[in-house]
Structures are given as structure tokens and as C-alpha cells.
Amino acid sequence: MDLFVNREPELELIDEAFNALMNKKRLVRTPLIGFLGVSGIGKTFLLRRVAQRCQDTQLPYIWVDVDQATANVAHTIITQIKQYTQIDTSASEQSPVHAAQVLLQQGPVVMLFDSVEMANTDQLSTIGTLLRDLSDDEKLFVVMASKKSLSFQHERSIARKLTTLSLKPFDREKCELYLERQDQPTEPEIRNIIFEWTRGYPLAINVMINAITERQLDPRTEPDQKVLLSLLTEEVIHQKVLVNIKPEDKAYYFSALQLFSFPRRSNLVLMQDLIETFTPELKRESSLAYFSLPRAITEATDVLSWNMARAGFAVDEPIRNIFLLILKKEQPSRYFAIHDFLARTNLQLAAEVPGSDRVRYLRESLYHAASNTGSPHFSEQLAEILQAVLQEAPDPFLQFTEEFSQDEELKEVLGPYLATVQSMLDTHLNAINDHEAER
Amino acid sequence: MMYKQQHIDHFIGRSQEISTFVHWLTNPISPWILYIHDAAEEANKKGGVGKTWLLRRCAELTRQRRQDTTAVVVIDFFNVGDRDGILLAEKIMTNLQEIYPVWSPSTFTEAIQQYRIEERQIADSGSSESAARDIIFAALVEDLHLLNEHLAKTQKTLVVFFDTFELIEQNPGVAVLRQSQTFPDNYQLERMKVVIAGRNKLDWTHPNWIGREQEVQVMPLAPFSLQEMQEYVKAELIYDFLPQSRQAHALYERTEGRPILIGLAIDVLNNRIQTIDDLISVAQDKFEAYLVPQVNRLENPLNWVILFMAHVYHRFNIPIFESILQSVALDSAIQTINRETLLSILPQLSFVRQAGSSEDFVLHDEMRRLVTRYCWEVQDPDQRFRKAISSRVIEYYEQELTHIPNEQQRQIFIVETLYHRLYVDLDDGLPYFQQHFYSALRLRNTSFARLLFQEVQKFSSLLSPAQLNDLHYAEAVLLRTEENVSAALEILHRLKNTADPQWYEENQPLVLTQEGRCYQRQSKFLEATNSFMQCLEIQRSRGDELQCAHLLNNLGVIFRRSSQFATALKYYEESIALYKKLGRQSDYATALNGSSTVYRLQGKTEEALRRCKIAWRIRRDLFREDKVSEVQIGLSLDTLGRNYLDAGNIINAEQYFKEAFDIYLRANYKGGIATIYNRFGLVQLAKGELESAREWFARAQHASQEIDAEQYIDSLNQQGEICIQLQKKKEATVFFEQAITYARRAIDYYQQVENLIGLAKALDPLEQGERIQQVLQEAEDIATRESYFNLLGQIEQTRGEISYYSKEYSTAFLHFARYCHHMAIYNATEFKVAVRQVVDALLGIPTADVPLIAQELLTYWSTQQLDTKYPEFMLAFGEIDNLMEV
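## Re the overall build of chain A
Check the secondary structure of chain A and you find 21 helices and 7 strands. Referenced to the eigenvectors of the C-alpha coordinate spread, the extents of chain A come out at roughly 75 × 60 × 50 Å. By the burial criterion, 56% of the 439 residues in chain A qualify as buried. The contacts of chain A with a sequence gap of at least 6 include a subset with a gap of at least 24, amounting to 68%. Roughly 19500 Å² of accessible area belongs to chain A as shown, and the carbon and sulfur atoms make up 46% of that amount.

Here it is as C-alpha cells:
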């Protein structure tokens, strides 16, 4: 992915840092940047972009791929520094800090750390010490990439300077732009399919583009769709998400993640029920045994985490879309059955819990019902959910309408039914407002 | 690390409150109690304002700055054990001993050890948990007497800090040793100060606090000010945070200055979960709900611990954690928190409290509420995970309960087990509650019963109407056992009026029995009789002979106490017959003993002695068979002594009292010992040895203080009476006034009236005539309301005597006539005595006045239509009228 689209904010930060580095009178406002996101979202490409800028401006830069430098981060740093300066002291051999200080005496330096999530405790400590001891040097600019969040809480001087940015998939417009800029432009219909399938996830886009261009696959035909899905499964899921998992465990994690991709917000209860209903072979011996499941998946894949905004566990959006796509295309009946199950379960939970939690369950119930419009029970189910929504007291109802208005994904899956739903909500909202006005 | 705790040495803010505390501590005339509570009025704004931190800081400051002059003890009612008067006293003593190694609470330690040995047999000993507590208290007072001297000499003060008072605010009596003591217990230490932190304002209408405003200095605690929040944020946040910035104001608005929320916000920011701008974009009313669920990030195992702690709730330690973890599938790749790491991390969490020196931890109660509301309810809406955790905890407790030698600890574990049993399954937990609750009440272990009750109360919203009625009934029984009979009656009446008909029909006998016992305790004999009679009718229709026997025995006691001896005997006889039929030997002996007292009061000494001796014999046999304690034999010996004393056989009486005394001494039965001191006083009175009698009553007073209210009041009354006889009337008033105060506190109307009469007799009619009338009027009002005919008679006798000595004979004899009238209703024996006394009085007035007064007496009797029913009066005064016509 050598083409840059939709990364303007990140590039602006980098440009600004370079301008400051080159100008002795200015200070770098963001001396330490961390790019976060799933594999294939474009972190490494951003680092490469920085490296390219260094080459263009002849600034020395150190590139440490932690995943590749598992043996000795310090050694990697020192070795690279030696390319720019004449250091041969024993202190420098042992201390990357000293080596970097020597280099910094010559002028601005850029350090790039990729795959920081792979760092073990010792490696993190080495990086932490290095950044801490060099944090006061105004000529140092550091960019890191990681799948996991970076906090450096123990190193306050680093934490204060760290600016983190989460990389998102492309939106439709940027995806179009990205596809247009390819060497071999694709037809609009195919571009549309690529976006529908990948939801702007760069790694998945590239897999599809390569398959379409190099293997001449047509995503409009069923046989080629199967091949494409197989490629996405292999190159995105197996080679990236599940790359660190033992072969014998891959099927387990694949199934679990695929299931947990369905709910936009999940909890332990939903996780257990999903597994026991749809993959009973993964069933654990007791409820409590599911307690470790989120942590196990996170440790192994980095794609499941607690999402504060959604107040639930969620699989990272780009990966979630791929998992859902695969199942929807390969096993549609199972796909719809899971949505149907979640629509019912969320509705049931909404009936059992109070307050804002109930509103959330209702919204999720509506989402899963709308994801299954082909179901023979769809109309009935939709009516039931809407009735529950309309029966809410004014405050929770207002909460529902506010959240609904901001929920683009839900509105998209409602498709042709959106107008009807919106109209019902508006009518009820007006009635509430009228009632309030009368009072 | 997340959730980092601010160190006590780097305490932030609260300078004004600390200054108030220091001033309170050092000011010799400040009230001895400092009460800190949330300034907020709304319940949902309370909690998490930093009371615990302030309290700990104050304790730490006291330790640091006043090491030479103060001893510090910190108690947290969050710990179940701290809510038990005995454990609490033990804890305070242990701390005191550490501070004063030269002092040793040896008597107290011995009493505790004895208590531990005997506690499982308390029921059989005829004693009770409350009596055991009184024994421990007496021992404690003895030890503290020495410490008091030491404190005075060294000018040292004991400062006790009580946290989480809201957990016992409804029943602060659970944390004191003696039932009659108010909270906080001062253990009779003269140099003691107390700081209490509670969520709510003090309720000055609560019996514990009535009239005590002068003892307490109140300090409302508001959340952090903006400046304090800024100090806190500056110290903890790793990023630059500009004071007075828009962000600072917005964060303050959203956290409302509550340290617990500020702490969580800092964690979110430090962990880069959100930026400050993201955080303050959340609306204020949603802020709490937005912030707290970060604990749901289960990828951090520390959050597991917080979630577990929020549910496990009472205590959390490594074995419990490991027990829960046994059920959590731990994938080999996962490195979970090890024991050492956990032990080092937990005390550093700002919302975790460590229980004393043990390795038990508890979550701050406000944090527990937040985690339960915003994490568990989201994570586990149908409670299956929490139930699974509870099941593991139950297993842990059950395992522990098999080898806990300490009864107190066992009780705490039972309380904690109860919570989890109820959580897993109400239908399993409620029988468990009933089993332990009623067993505790049988032992009069009200502290344990109260703790059990508090746990069930937490589930009241989940109970069915019938289960809720059972719970209300249990509360009434508990309150009655705690001697709070008015509150018990209120609940029983509510049950009668509002419980569903089916439940009430099934449980009516229980409710009526409790109601009767409450009335009996209040000496409301008519109401008590009514309740027992209704109950008796039901039990007869149900054919429950044992319950009938108990009720009949109770009725016997009531009629005996109201001196309706014939009726009393009738009920005793019926109860005796039933007990005999049912083979209930111990109950049979008790009823026989009761009937013996009736015969004694009737002057039927031989019948009384026979019954008493049979009961004595049965009890001796049962004692040999190890079926009752020796104290039961002592009770029979006491009754025997009373019989001999009333019969004028002072030597035998004294002998039996001595034997009873020996038994009570052996059993360390303090209440019994005090009773026998009073008996020895009566023996001396019978011998005419007033001074010696007075000494015994004084000894009884000392021995019964805080141990047996009835004997205590009786000893005061007897001393007052002796003072009157010795013409030391001023001294007498002191005794009677003291007795009246105690009788009011114990809600014993009968003794209250007795002593009001005594007081009237002790006051000088010339100087305090008006007060005498007031006192007698108060006595008459109560006696009329409660139908105490003998006391009404005594009131009229007293009024008559006052007029008699003023030579207002017409008025005097009108009162005497009323005296006889009341005694006629009361019983035949006392009526005869009354007539004889009035005859003597009549013959004491000038001869010329006799015929007129005699005529007035006869006219009164006829006008009241008493002449037919009680002809003895007409005969006596008709004869005088006739004979004096010479």
C-alpha cells in the first residue's frame, strides 16, 4: 500500500514534526507519536513514509521492528546508529542511550519502532529507558506503531510526551480514491463490491485488488467469490489475526472470534450463550470458565477488547467485518440464525434490566433484527422491538432516539425500513414533546 | 498501574477538616465524639467523598503528632466482625495492650476464654448470650479500672476511629457490650475520644442519640473543592493539566468533586483510554455510567479481582481468589496474577480497604456499588457469573467452617455464607437464615442474629410477599429480644393489619405469641393476656398441646404478676398437666416453680414448699442426667428460700439462698448472684437489721448494674425504703429517682410506679406537697392505664397517710377507702391487710371524730356498691361505729 489516502491528520503531524526538526528555532510539539490499529490498517506504511521523509531530508533514522528484533533491541539500535556516526566505545556497545546521545550531538534524529505490541518486558524496558533518558533532547522525533495501546505510565516523562492516534479504515470516498489510484483501475461495480466486502480495511482491499488484478478474479461471479473469500480468510485472518496462534488452536480462535464478531457490544453472558448455542464443541465446563475467554482472545489476537463507548466487548471493526462477510457468504443460514438469536436475546435482556442498559439492549436487538431482513419473522420481530421502544418512558426513549440518530451502521442495515422506523420514532417524539408542552 | 492509591503521607486537600479535627482532639472541653458525615442530602450523591481517607489521615496524624499522649484504634464496620460488641471490645483491648504493654487485661482475657469454652453450651446453662456479654463487660471494667489510672497518670487519651457507621446506624447497640449501653461504648474509660464516619446525618430521634447533642461535634464533609481536585489531579495525572482551564472546570462539574470518580477519571486518562476532551464531552448525568465500566476490561486480570471483590463483598483474600480461579479456565498462555503480586497490588488500590493486619481485603462500599451497577449488571445481566462465584465462595466457607475453633469467627463466616446462599438461591438461603437466626435468638445472641438479619434485608426486594412477611416477623422477634419491644410491637401490628390473609392465618399464633411477650415485657398485663388467650384458642383448635402448655404457663406468669392468684394457679395447673402428659420434665419443673410462687404469695406456705421441692427434685435429676444446668437447681433453691422467708423461717431461708448463691458463683451467673444479694438484704430486713440489709442491697446494686435491670431497680427501691425507715428521706429520694430513671429506660412500668410511690413517700409533704401530688398523679396515670390495682391501692394509701398526718381526716379516710377498694379488686389477702390498716388508722384519730369518719367510710362502700361483694369492709367499720358509741 504505497498510496496514501485518508491519512491526512497523521501526515500533518509528521510534517509538522519534520518542519520543527529542520528549523533550529522551533520545538517539536509532538516528539513522540504512537500509531495504533489492527494488522494491515496502515501503521507500517506510515512508518515507512516517515523513513522516506528522513531519506529525502537526509535525517538519520533508526528503524526497529520489535517483532524482528526479538533477540536484542538495544543491539539493533546501536548497530544502526553506527551507520551514521563513529562510535566504538565499550559504553556505547552496551548502552543505546549513550549511542543515541552521540548521534544526537550531530543533529536531529528520528527513531521508528514497529510492532511494539510484540515487545516483551525486557524490550519494553529498553525502549522505555531509551525514551526516558532522551526525552529532554529536542532534536529527537520518535514514531511507534502498535496493535495495543501504549501508556508508558511508569515513565512519566514519556507518557506526557506521547501522542497516540488510532488508525481507522477508509470511508467509501477514500476507498474509491485509493482504488482509482491503483495501476490497474477497476470498474465502479467492482470497486463497490470491494468496499462492501472490506469496509475500507486496507489489508483486505489489497488482498482483493491483488486477486482481481493478478489472478483475474471477478467478485461478481460466485466461483471467484469463493476464491476471494478463501484468500481473505487466509491472508487477513490466518496470516495476520491468528498468526501467533498454535496450529491446533487456530480453529478454536477462528470460531470464537467469528461468533463474537456478531454482537457490536458483547458481555460474558452473550459470549457464553453464543458459544453454547452455535459452537457447543467449544463449550466450557462452567460459566466462570468463560471469565478468562476475553483475555485469552486478546492475548492471542489483539482484536477483542472492552469498548468504552459501546459499553461492551467488541472485535475490532475491520476484522469484525471480514469475519461477518465470510460467514454471510459461506453459511448464510447460520449467519442469519445468529443474528436472529441475538435479536431475541437482546430483546429479552431489555425486558430484564433497567435504565440505560435496557435502551442499549433494545438498540442492539433492532440492529440484529435489521441484519436479518430476509427472515420470515422479520416484520413481526421489528414490530415487537419498536413496540418495546415506544413503550419506554420519555427519558429512556429520548436516549434511544439520540443514540439511534448517531448510529450509522444501524441505519445502514435498516436500509429500506429506515424511513418507517424513523417516522415512528419521530411521531412518538413529537407526541412526547407536545405532552411536555401541555404540562 | 491502574487505580493507584494516593499515599496517606501525601494526603491531598481537606486542610479545613483536618484543622477542625486537630482542634477537637486537643481541646479539652470539646465533646468526646466527633461525627463526620456526607454533606450531601441526596442519597445518590453520598459515598465516595473521601470519609475513609480523611478518617485514616486523622488517625495517622494522631499517631504521628500525639504519640506520647494518645492511643489510636481504628474500627471499620464494613468488617462483619467489627459489628460484634465482643469482637470489637477484644480488638480494642488488643490494641490497647500493644500500646500499653505494662497493662494486661487479664480478667477480660480470662472471661473471653471462658466464654469461648462455654459459648456452644450457653443455651443449656440457663444463661444467655446477653448475660455472657455482661460477664465479659464486668471483667473488662475491672481491667480498665487499672488502665484508667494509668491513663490519668500519664495524661494519655484513647482515640477510637469508627468507619462506615451507616452499616450499624439503625442498631448501634450491636457494637456495644451491654444491652443497656449506648453507642459508642466508653467501657467506663474516663480519657477516651471517638471519631465516627458515617454516610448520613445523625438521627437525634434514635434512642441511641436522644438528648446527646452535647456529646457530639458534627462535621459535614463535602466533596473536593475545585482547588482540591486540581491538587489531586496534578499529583496523579501524568499529563499537564492546567488549573482554571475549561477542562478543569468541566472535569470538576462531571465528577462533582467526588474523589472516587476523580481517581477513576485519572486512570482513564493515564491509560490513554480516553483523552481529557473525550472524557469531558460526556454529559454530567452519564459520566459515572461512562467512567466506571472501564473495570470491565477483563484483559487486565486486576479487573477480575475488582469484579470478584465487588461481588464477594465481605472479604477477599488469596484463598478465595484461588478458589474462584479454580473454576476459571486458564489458558496456558495466560499468566494470571500470582499471590505475591496480588498482595502487593491490592493495598495500593485507592478503593480497597485492608481488614486490620489480616490478609483480607474489601472493596470500598461506594466502589462496590459502582462496580455492581455499571460493571456486573452490564457484564452479567442474568447473574449467572455472580452465582457461580457465590457457589465457589460457599464452598470455601464451608471448608473453613469445618476447622474454625473460634465461635465468633464461625458466626462471621456463617453470616457471609448466608449472603452467598441467598444470592445463589433464595429458597436455599432462607431456611439457612431461619436455622441460624432462631438458634441465635434462643441463645439471646442478638448481635449474631442482627448480622444475619442484615444480610437477608439486602434481598428484601426479591422476596415474595410471604417471605417478606416472614422477614418482618423475624425482625419483630429480634427487636423484642433486643428489648426494643415498642418497635417490635409496631411491626407485629403492621403484620396483623397488612399481611395477606393466608399468611396471617398460618402464622397468627406466632404473631400473637410475640405480641403477648412484648406486652408482658412492658408489664401490659391486660394486652398480654388478650394476645395469649387468642393464641391459646387457635392452638387448641389446632391441637398443638406443647404450644398450649407454653401459653398457659405464660398466662400463669401474667396473672401471678398482676396478683390474680386464683386465675394464675388455674393456668399453671393446666400447663403443668399438659407438660406432664407430654413428658416435658424441665418445662414441668418450671411451671411447678411458678405455681409455688403463687401459693407463697397467697400465704399457702406448705403448698408452695411442696411444689417448689418437687421442681427442685426434678431439676436435680435432670442435672445429673446432664439435661439442664446447675443454675436451674439454683433457681429452685431461691424459690425455696423465698417461701421460707415469707413463712418467717429466716434460718432455712438464709440456708437455701446461700446454696443458690454457691451454685450461681460456680456458674459465674452474675444476674443470679445479684438476685441473691437482694435476698440476703430481705433476710436482714426480716431480722430487723436495717444497716446490714442496706449493705446487701448496695452490694446487689453494684452486682446487678448493667447486668439485670430488674434486680438493680429492686435494690435501689429497697435502699430507698430503708432510708425512709431510718428517717433519711433526702437520701431516699436519690435512690427512688435513680430507680425511676432506670425503670423508664427498661420500660418497666410496674417498677416505675413502685418507685414513684416510694419517691412520694420520701418527699417532705410540707415543702414539696405539689411535687408529691404530681408524682402520685403520674403513678396513678400509669397504674390506671396498666390496671395495677395493688399499686393504685398503695397510691391512695400514700395520699391518705399524707392527709392523715395533716389531720385532714375526712380526706385521708376517703383515700383509705379507695385504697381498700383497689385492694379488694386486687386480691383477698391484701384486701384484708388494707382493712386492718385502715381500722388501726381510724382508731388512731380523736375519738370524737371516729363515728363520723366510720359513717363516711360505710357510705363510700355502699355508694360504690361494694357492700355485697366485699362485706368484710362493712362488717369491720360497722362494728367500730357500733362499739365506739359508748
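## Remarks on the pairing of strand β4 (residues 192-198) of chain B
Residue and element names in this part refer to chain B. Most of β4 is tucked away: 7 of the 7 residues are buried. Taking every second residue as pointing to the same face, both faces of β4 are buried, with Met-192, Val-194, Ile-196 and Gly-198 on one and Lys-193, Val-195 and Ala-197 on the other. Both strand β1 (residues 33-38) and β4 contribute to a ladder of 5 bridges, which runs parallel. Within β4, the position partnered with Leu-34 by the bridge is Val-195.

## Here we look at the interface of chain B and chain A
At the interface, 49 residues of chain B touch 41 residues of chain A. Here chain B and chain A share 3 salt bridges between them. In this structure, B:Arg384 and A:Asp273 form a salt bridge, with 2.7 Å as the shortest nitrogen-oxygen distance. In this structure, the connection of chain B to chain A is made through 6 residue pairs in polar contact (both at pLDDT 80 or more). Elements with a contribution of two residues or more to the side of chain B that touches chain A: α6 (226-236), α8 (259-270), α10 (284-291), α11 (301-312), α14 (365-379) and α15 (384-401) of chain B.

## Describing the packing of helix α3 (residues 73-82) of chain A against helix α6 (residues 121-134) of chain A
All names here are of chain A. As a packed pair, α3 and α6 sit with axes 9 Å apart at the nearest point and diverge in direction by 45 degrees. One finds that α3 runs oblique with respect to α6. Counted together, Val-73, Ala-74 and Ile-77 of α3 and Gln-123, Thr-126, Ile-127 and Leu-130 of α6 form the full contact between these two elements. Split into classes, the residues belonging to the contact of α3 with α6 amount to 5 nonpolar, 2 polar and no charged.

## A short note on the sheet that holds strand β2 (residues 70-76) of chain B
Residue and element names in this part refer to chain B. Sheet architecture is open: 5 strands sit in the order β2-β3-β4-β1-β5, paired in parallel fashion. Both outer strands of the open sheet, β2 and β5 (216-221), are each paired with one neighbouring strand and no more. Within this sheet the neighbouring strands show an average axis-to-axis angle of 15 degrees, counted without direction. Pairing of β1 with β5 involves 6 bridges; the strand directions are parallel. When the sheet's bridge partners are listed, Asp-38 is paired in β5 with Leu-221. Helix α2 (residues 51-65) rests against β1, β2, β3 (157-163), β4 and β5 of the sheet, and its axis sits at about 165 degrees to β3.

## With respect to the side chain of B:Thr164
All names here are of chain B. In this fold, Thr-164 is placed in the loop between β3 and β4. At 2.6 Å, the side chain of Thr-164 forms a polar contact with the side chain of Asp-76. Not counting chain neighbours up to four residues away, the residues in contact with Thr-164 comprise Asp-76, Phe-77, Phe-78, Ala-197, Arg-353 and Asp-365.

## A few points about the confidence of the model for chain A
Mean pLDDT for chain A: 89, with 95% of residues reaching 70 or above. Per-element confidence in chain A is highest for helix α13 (residues 268-278) of chain A, whose mean pLDDT is 96, and lowest for helix α4 (residues 90-94) of chain A, whose mean pLDDT is 58.

## Brief notes about the domain arrangement of chain A
Residues and elements named next belong to chain A. What the domain assignment reports for chain A is domain 1 (8-166), domain 2 (172-241), domain 3 (246-330) and domain 4 (354-439). Contacts between the two partners involve 6 residues from domain 1, matched on the other side by 5 residues from domain 2. Both sides of the domain 1 and domain 2 interface together cover about 400 Å² of buried area, and 54% of this is carbon and sulfur. In terms of surface lost to domain 2, no three residues of domain 1 exceed Ser-39, Gly-40 and Ile-41, which account for 72% of the buried area on that side. The tally of links from domain 1 across to domain 2 stands at 1 salt bridge. One salt bridge in this structure joins Lys-174 and Glu-8, with 3.9 Å as the shortest N-O distance. Our enumeration of links across domain 1 and domain 2 arrives at 2 residue pairs in polar contact (both at pLDDT 80 or more). When the residues that make up the side of domain 1 that touches domain 2 are grouped by side-chain class, the tally is 2 nonpolar, 2 polar and 2 charged.

## Details of helix α37 (residues 828-842) of chain B
Since one α-helical turn is 3.6 residues long, residues separated by three or four positions face the same way. All names here are of chain B. Its 15 residues give α37 an end-to-end C-alpha distance of 21 Å, which sits within 8% of 21 Å, the value for a rise of 1.5 Å per residue. Here α37 has its buried residues at Phe-831, Ala-834, Val-835, Val-838, Val-839, Ala-841 and Leu-842. Down the axis of α37, the buried side of the element spans an arc of 160 degrees, and every buried residue falls inside it. Away from its buried face by more than 90 degrees, α37 exposes Lys-832, Arg-836 and Asp-840.

## Things to note about the environment of B:Arg619
Residue and element names in this part refer to chain B. Residue placement: Arg-619 occurs in helix α26 (residues 605-624). Distance in space between the C-alpha atoms of Arg-619 and Ser-636 is 8.1 Å, their sequence separation being 17 residues. In contact with Arg-619, other than residues within four places in its own chain, are Ala-589, Thr-590, Asn-593, Val-628, Gln-632, Ile-633, Leu-635 and Ser-636. A distance of 3.0 Å separates a polar atom in the side chain of Arg-619 from a polar atom in the side chain of Ser-636.

## Considering the pairing of strand β4 (residues 140-146) of chain A
All names here are of chain A. Across the 7 residues of β4, 7 count as buried, placing the element largely inside the fold. What you see with β4 is no split at all: Leu-140, Val-142, Met-144 and Ser-146 on one side and Phe-141, Val-143 and Ala-145 on the other are buried throughout. Where strand β1 (residues 32-36) lies against β4, 5 bridges are found, and the strand directions are parallel. If you follow Phe-35 over to β4, its bridge partner there is Ala-145. Judged from the 5 bridges that link them, strand β3 (residues 109-114) and β4 form a sheet pairing that is parallel. The partner of Val-109 across the bridge, within β4, is Leu-140. Read as a crossover between parallel neighbours, the route from β3 over α6 to β4 is right-handed.

## Let's talk about helix α19 (residues 394-406) of chain A
Taking 1.5 Å per residue as the helical rise, α19(A) with its 13 residues ought to reach 18 Å, and the 19 Å between its terminal C-alpha atoms agrees with that figure. Looking only at α19(A), the buried set comprises A:Pro396, A:Phe397, A:Gln399, A:Phe400, A:Thr401, A:Glu403 and A:Phe404.

Analysis parameters
Residues numbered from 1 in each chain as written. Chains lettered and ligands numbered in written order. Predicted model: local features only at pLDDT ≥ 70, side-chain atom pairs only at ≥ 80, totals over all residues. Heavy atoms only, no water. Helix = DSSP H or I, 4+ residues; strand = E, 2+ residues; numbered from the N terminus. Buried < 20%, exposed > 50% of the residue type's maximum accessible area, 1.4 Å probe, protein only. Contact = heavy atoms within 4.5 Å. Areas by Shrake-Rupley, 256 points an atom, 1.4 Å probe, with all protein chains shown as cover. Pairing = 2+ DSSP bridges. Salt bridge = Lys/Arg side-chain N within 4 Å of Asp/Glu carboxyl O. Polar contact = N/O pair within 3.5 Å; in protein donor to acceptor, adjacent residues only side chain to side chain. Axes fitted to C-alpha atoms, helices over the stretch in contact; angles between N-to-C directions. Parallel < 35°, antiparallel > 145°, perpendicular 65-115°, else oblique. Nonpolar A, V, L, I, M, F, W, Y, C, P; charged D, E, K, R; others polar. pLDDT = per-residue confidence, 0-100. Domains from an automatic or database assignment. Buried area = accessible area lost by both parts, 1.4 Å probe. Expected span 1.5 Å × (residues − 1). Arc of directions from axis to C-beta. Right-handed = clockwise from strand over helix to strand, strands pointing away.

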